[in-house]
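Observations on the model geometry
These are the residues of each chain, in order.
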Amino acid sequence: MKNVMKTTARRMVAEFERQADAYMIWPERPDNWRNGGKPAQAAFARLASLINEVEPVTMLVSNKQYLNARKWLPKGVRVVEMSADDAFVKDTGPVYVDENGRLAATDFGFNAWGGLLDGLYFPWANDQLLGQKLAELNRVPYTVNHELIIEGCAIMTDGQGTLITTEDVLLSEGRNPGFTKAEVEFGLKQELGISTVIWLKHGYFLDETNGDIDNMLNYIRPGEVVLTWTEDEADPMYSIVREAETTLLAARDAQGRKLVIHHLTMPAAQHVTQVESQGIDPINGLLPRLAGQRLFASYVNFVTVNDMIIVPEFDDEQDAIAKATLAECFPDRRVVGFDAREMILGGGNIHTVVHTRPDAAAFGG
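Let us look at the structure shown here. From a predicted model like this one, the values you see are computed outputs, not experimental measurements.

Reading the values: rules and limits
Counting restarts for each chain: residues are numbered from 1 in the order of the written sequence. With pLDDT at 70 or above as the cut-off, local features in this predicted model cover only qualifying residues; side-chain atom pairs require 80 or more to be listed or tallied, and sums for whole chains, interfaces and linings still use all residues. The basis for the side-chain values is all heavy atoms of the structure; hydrogens and waters are excluded. The helix and strand labels rest on DSSP assignments: H or I over at least four residues marks a helix, E over at least two residues marks a strand, and numbering proceeds from the N terminus. For this measure, only C-alpha atoms enter the radius of gyration; the expected value for a globule follows 2.2 Å times N^0.38, where N is the number of residues. Note on exposure labels: buried denotes an accessible area under 20% of the residue type's maximum, exposed denotes more than 50%, and partly exposed covers the range between, all computed with a 1.4 Å probe on protein chains only. For the accessible areas, the method is Shrake-Rupley and the probe is 1.4 Å, while residue cover comes only from the protein chains on display. Under this rule, positive means Lys or Arg and negative means Asp or Glu; His and the chain ends count for nothing. By convention, the point assigned to a charge is CZ for Arg, NZ for Lys, CD for Glu and CG for Asp. In this analysis, rings of Phe, Tyr and Trp, with Trp reduced to its six-membered ring, are considered paired at centre separations within 6.5 Å, and the interplanar angle assigns stacked below 30 degrees, edge-to-face beyond 60, and tilted for intermediate values. Geometrically, a lysine NZ or arginine CZ counts as sitting over a ring once it is within 6 Å of the ring centre and also within 35 degrees of the ring normal. Here a residue-residue contact requires only that any non-hydrogen atoms of the pair lie within 4.5 Å. Buried Ala, Val, Leu, Ile, Met, Phe, Trp, Tyr and Cys residues that are joined via side-chain atoms within 4.5 Å together make up what is termed a nonpolar core. Every definition here rests on a 1 Å grid over the protein atoms only: cavities are sets of points where a 1.4 Å probe fits but cannot get out, pockets are open sets enclosed by protein on both sides within 12 Å along at least five of seven lines, and lining residues have some atom within 4 Å of a point. Grid points are joined across faces, edges and corners, and a volume is the space filled by probe spheres set on the points. Residues are sorted three ways: Asp, Glu, Lys and Arg are charged, Ala, Val, Leu, Ile, Met, Phe, Trp, Tyr, Cys and Pro are nonpolar, and all the rest, Gly among them, are polar.

So, the overall build of the chain
- Along the backbone of the chain there are 11 helices and 17 strands.
- Whereas a compact globule of 365 residues would reach a radius of gyration of roughly 21 Å, the chain reaches 19 Å, a difference of no more than 12%.
- Each principal axis of the C-alpha atoms in the chain carries an extent, and together these give about 50 × 50 × 45 Å.
- Each of the 365 residues in the chain was classed as buried or not, and the buried ones make up 60%.
- With an accessible surface of roughly 14,300 Å², the chain has 51% of that area assigned to carbon and sulfur atoms.
- Across the chain, the mean location of the 34 positive side-chain charges is 6 Å away from that of the 51 negative side-chain charges.

Spelled out as structure tokens, the structure:
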């Protein structure tokens, strides 16, 4: 990667900015989604219907699943046939930027969260093409940089030049071997118009993505974030979140601000049940869902859409507290809970299965 900065003015767009529409992928892998994907499909349909209340939704489906998806989705949700290897569109879709007041995108490399070293499936060729295809679908100009492996859930921005990520992910040997931290940071600055990168060392404990940022932290607005939290000293996350907070408190963002941090306490540990484990088809053995396995349950993995915050729920007493906290953080948005069980069983959460496209008409507004 040549260290020559682009001269075009770019800035990565924040998720809390106005959006044109949202995209999801219909789940069907029987080695990841239990019972042939039926419970997950029902959950995805409910989530798409909820988002469709505030902005248009497009569901991407395989040719085998087109009629099934069309049957279960409301008429207001557009169904488009597009090849994909799994359903985590936030990771595989394009990263959008404001380029001198117009919408543009960067298509980074994707290798299933670690490639042949520690990735979760092979092949991933369809997912690698998804960012380009979505840009083409909406006639959004884009650049391709597959030198760097950067999934969407690995980066969070304030829309004003600050990006937060984890070393566990972007510096992992399975993604960007041979790249130094400075080189990865340069790539983020070059492609996304970032001027300040805040690096957290670790993500969520044993997250199968190695620790994407979206289970650790989310932006409320520039200069203000919510951070996953626990007071349980026996939980491995106890030291991880405190180290993260120390890093965030010591940082200054691109505008020179200290960050305001709100805590979102995790629910009680969630685990795969025996019944759920038995519903997974062990086709290739790369996506185990073993009984007793800990799941990655985080409230910061919420979905931000126009006028609404959709918060994952886990049938836990912390659900109501998380929603109340986020209602205070987002006074101008409706805060709605959503049962995230099927999403976390698939190895993600609700944020990971929704990709939003910014509304360029709102740039500079």
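A short note on the packing of aromatic side chains
- What the rule picks out here adds up to nine aromatic pairs.
- Ring geometry for Phe110 and Trp113: centres 5.1 Å apart, planes at 85 degrees, overall edge-to-face.
- By relative accessible area, which is 3% here, Trp113 ends up buried.
- On the basis of an interplanar angle of 90 degrees and a centroid distance of 5.7 Å, the ring pair of Trp113 and Tyr121 is categorised as edge-to-face.
- On the basis of relative accessible area, Tyr121 is assigned to the buried category, the value being 2%.
- If you follow Arg11 out to its NZ or CZ, it ends over the ring of Phe363, 5.5 Å from the centre.

Some words on the side chain of Asn215
- Mapped onto the elements, Asn215 comes out in the loop between strand E10 (196–200) and strand E11 (217–221).
- Setting aside residues no more than four positions away along its own chain, Asn215 makes contact with Tyr204, Asp207, Thr228, Phe296, Ser298, Val300, Asn301 and Asn349.

As for the nonpolar core
- Core analysis: the largest hydrophobic core is formed by 64 residues, its most contacted members being Met24, Leu47, Ile51, Met59, Leu73 and Ile310.
- With eight residues, the single largest contributor to this core is helix H1 (residues 38–51).
- Residue contacts for Met24: discarding those within four places in its chain leaves Phe44, Leu47, Ala48, Ile51, Thr58, Met59, Leu60, Val89, Val353 and Val354.
- In this structure, Ile198, Leu217, Ile240 and Leu248 belong to the second largest nonpolar core, which totals 24 residues.

Section: empty space enclosed by the protein
- Applying the stated criterion to the full structure yields five cavities of 30 Å³ or more.
- Quantified by volume, the largest cavity comes out at close to 290 Å³.
- For the largest cavity, the lining is made up of 24 residues, of which Met12, Val13, Ala14, Glu15 and Lys90 are closest to its centre.
- Contributing elements (two or more residues each) for the lining of the largest cavity: strand E5 (95–99), strand E8 (156–157), E11 and strand E17 (355–358).
- In terms of residue count, E17 provides more of the lining of the largest cavity than any other element does, four residues in total.
- Taken together, the residues of the lining of the largest cavity sort by class into 11 nonpolar, eight polar and five charged.
- A volume near 110 Å³ is recorded for the second largest cavity.
- Every residue lining the second largest cavity is counted, 14 residues in all, and those nearest its centre are Asp91, Thr209, Gly347, Gly348 and Thr352.
- For the lining of the second largest cavity, the residue count by class is three nonpolar, six polar and five charged.

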